[in-house]
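Residue-level listing of the chains:
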Amino acid sequence: MPVPRIVTVAAAQLGPIQRAESRKQVVDRMIALMEAARAQGATFIVYPELALTTFFPRWYHEDRAEADGWFERSMPGAETQPLFDKAKALGMAMSFGYAELTPEGRHFNSSILVDRAGRTVGKYRKVHLPGHVEFDPDRAHQHLEKRYFEPGDLGFPVWEFEGGLMGMAICNDRRWPETYRVMGLQGVEMVVLGYNTPSANSQSPHETTADRLFHHRLSVQAGAYQNSTWVVAVAKAGNEDGHRLFGGTLIAAPDGKIVGELDHEEDGVLVHPCDLDDTRFGKATIFDFARHRRVEHYGLITERTGVGAPLGKAESA
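We now turn to the structure provided with this report. All of these numbers come straight from a predicted model, not from anything done at the bench.

Overall, the coordinates contain 26 salt bridges when judged by the stated rule. In this structure, the salt-bridge partner of Lys-24 is Asp-28, at a minimum N-O distance of 2.8 Å. With a gap of four residues between them, Lys-24 and Asp-28 both fall in helix 1 (residues 23–39), about one helical turn apart. Overall, Lys-24 belongs to the exposed group, its relative accessible area being 55%. A relative accessible area of 38% means that Asp-28 is categorised as partly exposed. For Asp-267, the salt bridge is made with Arg-29, and the minimal N-O distance between the two is 2.7 Å. Here Arg-29 lies in helix 1 and Asp-267 lies in the loop between strand 13 (258–261) and strand 14 (268–275), a separation of 238 residues in the sequence. Note on Asp-267: relative accessible area 31%, which makes it partly exposed. In this structure, a network of salt bridges that share partners links the residues Glu-100, Arg-106, Lys-123, Arg-125, Glu-150 and Asp-153.

Put into structure tokens, the structure is as follows:
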């Protein structure tokens, strides 16, 4: 009998992080969640996007460099080393997001995979940046990711990690089917993604939080089902200095069904044993890509960025 490949994962939701909170305060909260997750049997903990700070792209800095204080110049650094030390002491693997400032002065919205020995074995940089570059007085709130980050330059890699094939995505990436499919074509068995999603749409006053949670679940569940993979989606949530982010931290199984979801916007962990072999049925049947994909008809996906002319032509009589 084959040995089950169980990854007991903890989706570690963070409640609000206020602008005035220090890195140390946040890391202490992350360590407390890690200890709670380990007590429930988890061996892999996933934190959200920009886990170390408030969602700073809501704040406009006329001088772009004034935002650099939100970024990490090394990982781990002095303020984050205790998180790595605790993970190693507990024998926990982890993933979390942060704002990365490279030695060359480049800025990315990044996430990493860290093994149980405390070694960073994978890095992902957010590809699909939402929002805008300049201050927009017509928006209910600002969303300036395009001002503070470059689009990711590492693609969507998949790593051998925790006995399976793991990939990462960040926030808006979850809404794009290409995100999951590129990893699906590498055999991905678990996608971990963190997000900070406003509860209100800055450009649509009629869209409710319930609407936004529906689209969040729809995107994650579709990605899981269409690529027969586990997806662990982890929120930073709650009221940050008057700006609310929704929760909805969840784990979706390879059949697209939600197996667990948090119902609050505070710090908390959702722990679930994920059998990576549950991905095999979908990959061998309806989503057996080698048998069923027809790449000769998919050219527009990479040839066009925006919408262009339709390809259909009227048949002659």
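Read on for the rest.
Unfilled space is identified by rolling a water-sized probe across the atoms. Roughly 610 Å³ of internal volume is contained in the largest pocket. Every residue lining the largest pocket is counted, 21 residues in all, and those nearest its centre are Pro-177, Glu-178, Arg-181, Val-182 and Ile-301. Approximately 360 Å³ is the volume found for the second largest pocket. Forming the walls of the second largest pocket are 18 residues, and the residues nearest its centre are Pro-130, His-143, Arg-175, Asn-201 and Arg-212. Across the lining of the second largest pocket, the residue classes break down as four nonpolar, nine polar and five charged.

This part takes up empty space enclosed by the protein. One pass over the structure, following the stated rule, counts one cavity of 30 Å³ or more. Space inside the largest cavity adds up to approximately 60 Å³. What lines the largest cavity is a set of 13 residues, and nearest its centre among them are Tyr-47, Ser-95, Ser-111, Leu-193 and Gly-194. Only strand 3 (93–101), strand 7 (164–170) and strand 8 (190–195) provide two or more residues apiece to the lining of the largest cavity. Class assignment of the residues belonging to the lining of the largest cavity gives a composition of eight nonpolar, four polar and one charged.

About the criteria used
- Residues numbered from 1 in each chain as written.
- Predicted model: local features only at pLDDT ≥ 70, side-chain atom pairs only at ≥ 80, totals over all residues.
- Heavy atoms only, no water.
- Salt bridge = Lys/Arg side-chain N within 4 Å of Asp/Glu carboxyl O.
- Helix = DSSP H or I, 4+ residues; strand = E, 2+ residues; numbered from the N terminus.
- Buried < 20%, exposed > 50% of the residue type's maximum accessible area, 1.4 Å probe, protein only.
- 1 Å grid on protein atoms, 1.4 Å probe; cavity = no way out; pocket = protein on both sides within 12 Å on 5 of 7 lines; lining within 4 Å.
- Points joined across faces, edges and corners; volume = space filled by probe spheres on them.
- Nonpolar A, V, L, I, M, F, W, Y, C, P; charged D, E, K, R; others polar.

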